[in-house]
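A closer look at the structure
If you want the building blocks of each chain, they are given just below.
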Amino acid sequence: MKNLRYICLFIILAVAGCDNEEFLDREPTDILGEDQVWENEELVFSVLADLYNRLPDFQGVENWWEYANFDETFASNAGDYWRHQNQEYGYGSWGMWDYGYIRDLNLFIQKCNEATELSDDSRARFLAEAKFIRAMVYFEHVKRMGGVPLILEPLEYDYSGDPTYLQYARAKEHEIYDFVIAEMDAVKNDLPNGGTKSRATQGAALALISRAALYAGSIANYGQMTPEVSLPNGEVGIPSSMADAYYTKALSASEELMNLGTYELYDQDPDKSENYTNIFLNKNSNNEVILAKDFLVQGRTHGFTIDNIPRSLREENTSGGKMNPSLNLVQSYELLDNTFAELPTKDENGDPIFYDNPMDIFEGRDPRLMGTVIVPGASFRGKEVDIWAGYKLADGSVITSGQLGGRAQLPGSDASVQVVGFDGPIDQLEWSAQNGFYLRKYVDTSVGSGQRGTGSGVWLVRFRYAEILLNAAEAAFELGELDKAAEYMNQVRRRAGFPIDLTPGEIDFDRIVHERKVELAFENHILWDKKRWRLAHQVWNGVTTDLTNNPGDAMAVSTRVFGLKPFKYYEPGSPNNGKWIFEEFVPAPVFNAHRFRLGNYYSLIGDNVRNNNPKIVRNPNQ
């Protein structure tokens, strides 16, 4: 009891000794107040950096598995086999409804406008950057969802019990594209001309206009082929009468970017395949990249190389080889005489063609193939990647092994020899070249990048100059300016290594589609391009078909990923003994054709969103 009295007395004295008003007004020492942030440009930039970091990418180096949804690549990872087995895409597969992000951007813009301690120049740049990020986010929404509510101020609930004033209807699809384009036109001159690849610049603003206007133009143009993919009030669908204006805008924005004089095609390596690879690996003196997510700027790395380095070259005993580019993509790289051809595996009589070297079958093809894909016989990090499926005997039987680099006896021999590559292919052996190929693009050549303790600092390119040239070529083609279309496309092809230009008369829709397919492979374009051209439901139509024999046909059905097995031929005494033959095949985990339904053109808006806001109309065909 006595102790309790002392404690009570101490508390009374302590409280009596305090200045109550001063005590309650003390600033916390471990939390920055909002006002403090807006008095310091470095702190404001840290808030902006967080907003940059939240930009979404449907496909990228942090979510490689999304590439395996279509016909670019096979997922050599058991946990992702389902991507080749689920016939229909879910209606919400690429949906997005992130108004928390938009509210944060609107708050930033409001606070930045009110800040009094920032210099005029800094405030103008911060505002322009925030508006660039907001435009990017609205662009992500419209290409996935169609028209969405266009909210440009932070909304606050007043606790009145009546939320109707917060319930905005969806804008028309073209109104979101118009907003993105107008916003970038308005702020581009407040942004620097170059000087950074990881923040918004004039080039990035123009690149966004170029891409957004091209998308809107093609939806207006090709949307006529799918009139059922529309809504009566324009939340989905753009009138065809608007197509030319969008194409004109895409072309003019692309040319304005070209005329900045800041960007050019990367062309520093005499080996054209190496040059193409280095666009994505070389951060020094690289004026092709306009905007990238640079992980090292954020002080971190990623595991893309750990997941995709060839099996025999991996730096630790986990993962590797998860993305196997498809034969569908590989045979799309045309010959250097500008013609298309399948990979020749059989002669006119149906007999196998014998090759002295496994790389001979790829001879004379677009050098971008070797810059994108590691093919059998190719090297990576100075070492040959060991891809071959076994020995093929004269009677057609195969001697192979279920273990990488496995050994067995060949007929007539008592000694065991290696009968399969150390990199595959072996059926259903994940993390190896199950379909005969590995990915090269974006896979880091730096030692240590394949280890979890270090990881890779390769950046994710979001805009680059070659895309702008192809955007300009497509817009010019749609406007009937074929000379200009050919010139812009030929700039990309000359850099790739093509010795013969395409003539204006050779530029057609198939060429436009094909050039983007090979130049921009694994750059998060395939889905959005197929959607805006209204090709997705035709190319991925759910029908099980053979691999197309016309890789240059934009309408060719491609619903399953194919592979290519290289075999060593074994027939002692034959002139073909020890030579290479190839067989096309479908990897065992692939047993359903992809089906893109009309309801996949615009993603499902969740019941929770529509229940909370009755003004939100459902997307069509779902």
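Residues numbered from 1 in each chain as written. Predicted model: local features only at pLDDT ≥ 70, side-chain atom pairs only at ≥ 80, totals over all residues. Heavy atoms only, no water.

Right, let's get into the pairing of strand 7 (residues 390-393). By the bridge criterion, 4 bridges tie strand 7 to strand 13 (residues 563-570) in an arrangement that is parallel. In the strand pairing of strand 13, G390 is matched with F567. Of the pairings in the sheet, the one linking strand 7 to strand 8 (residues 398-399) comprises 2 bridges and is antiparallel in character. Opposite Y391, over in strand 8, you have I399 as the bridge partner. Linking two consecutive strands that pair antiparallel, namely strand 7 and strand 8, is a turn of 4 residues; a positive phi of about 95° is found at G396 within it. (Pairing = 2+ DSSP bridges. Helix = DSSP H or I, 4+ residues; strand = E, 2+ residues; numbered from the N terminus.)

Time to look at the pattern of salt bridges. Using the criterion set out here, one finds 49 salt bridges in the structure. Taking the shortest distance from any N to any O, the salt bridge between E256 and K188 comes out at 3.0 Å. Separated by 68 residues along the polypeptide, E256 in helix 9 (residues 243-259) and K188 in the loop between helix 7 (173-187) and helix 8 (202-222) bring together distant segments of the chain. We classify E256 as partly exposed; its relative accessible area is 33%. K272 is the salt-bridge partner of D267, the closest N and O atoms lying 3.0 Å from each other. By relative accessible area, which is 42% here, D267 ends up partly exposed. Residues joined in a network through salt bridges with shared partners are E288, E334, D366, R368, K441, R464, R493, R495, R511, E515, E519 and E523. (Salt bridge = Lys/Arg side-chain N within 4 Å of Asp/Glu carboxyl O. Buried < 20%, exposed > 50% of the residue type's maximum accessible area, 1.4 Å probe, protein only.)

Relative to the 20 Å expected for 14 residues at 1.5 Å per residue, helix 14 (residues 465-478) spans 20 Å between its end C-alpha atoms, a close match to the ideal helical length. Of all 14 residues that make up helix 14, 14 are buried, and the element is covered over most of its length. Among the residues trailing helix 14, G480 stands out with phi positive, at a value near 85°. (Expected span 1.5 Å × (residues − 1).)

What follows is about the packing of aromatic side chains. Applying the stated criterion across every chain yields a total of 31 aromatic pairs. Geometrically, the ring pair formed by F139 and Y177 is edge-to-face, given 6.2 Å between the ring centres and 70° between the ring planes. Of this pair, F139 sits in helix 6 (residues 120-145) while Y177 sits in helix 7, placing them 38 residues apart in sequence. Above the ring of Y602, the side-chain terminus of K531 is found at 5.1 Å from the ring centroid. For the cation-ring pair, K565 lies above F585, with the distance from its terminal atom to the ring centre recorded as 4.7 Å. (Phe/Tyr/Trp six-rings, centres within 6.5 Å; stacked < 30°, edge-to-face > 60°. Lys NZ or Arg CZ within 6 Å of the ring centre and 35° of its normal.)

On to the packing of helix 6 against helix 7. Between helix 6 and helix 7, the shortest axis-to-axis distance is 9 Å and the interhelical angle comes to 160°. Relative to helix 7, the element helix 6 lies roughly antiparallel. As helix 6 packs across helix 7, the resulting crossing turns out to be left-handed. Of the residues in helix 7, those in contact with A128, K131, F132, R134, A135, Y138, F139, V142 and K143 of helix 6 are E173, I176, Y177, F179, V180, E183, M184 and V187. (Axes fitted to C-alpha atoms, helices over the stretch in contact; angles between N-to-C directions. Parallel < 35°, antiparallel > 145°, perpendicular 65-115°, else oblique. Left-handed = near helix turned anticlockwise from the far one by under 90°. Contact = heavy atoms within 4.5 Å.)

Turning next to the confidence of the model for the chain. Mean pLDDT over the chain: 94, with 95% of residues reaching 70 or higher. Segment residues 7-18: pLDDT under 50, and 1 contact once partners within four positions in sequence are set aside and those in other chains are kept. (pLDDT = per-residue confidence, 0-100.)

Taking 1.5 Å per residue as the helical rise, helix 7 with its 15 residues ought to reach 21 Å, and the 22 Å between its terminal C-alpha atoms agrees with that figure. All of the buried residues along helix 7 are E173, H174, I176, Y177, F179, V180, I181, E183, M184 and V187. Among the structural elements, helix 6, helix 8 and helix 9 are those in contact with the buried residues of helix 7.

Moving on: the sheet that holds strand 14 (residues 580-585). Read across the sheet, 4 strands follow the order 8-7-13-14 without closing on themselves; strand pairing throughout is mixed. Two strands bound the open sheet, and with one partner strand each, they are strand 8 and strand 14.

So, on to the side chain of E255. Inspection of the secondary structure assignment puts E255 in helix 9. In this structure the side chain of E255 is engaged in a polar contact, spanning 3.0 Å, whose partner is the side chain of K484. (Polar contact = N/O pair within 3.5 Å; in protein donor to acceptor, adjacent residues only side chain to side chain.)

Our focus in this paragraph is the pairing of strand 12 (residues 460-464). Strand 12 sits mainly inside the fold: 5 of its 5 residues count as buried. Both strand 2 (residues 289-293) and strand 12 contribute to a ladder of 4 bridges, which runs antiparallel. Bridge pairing links A292 to V461 in strand 12.

Here, the residues flagged by UniProt with the feature "domain: RagB/SusD" (unreviewed entry) are residues 287-620. The straight-line gap between the two end C-alpha atoms of residues 287-620 is 42 Å; of that span, 21% is helix and 14% is strand. (UniProt positions renumbered as here; feature names shortened; annotations may be inferred.)

Turning to its location among the elements, T305 is positioned in helix 11 (residues 304-308). Polar contacts involving the side chain of T305 include one to the main-chain amide nitrogen of D444, which spans 2.9 Å. Residue contacts for T305: discarding those within four places in its chain leaves R381, Y442, V443, D444, S449, G450 and S456.

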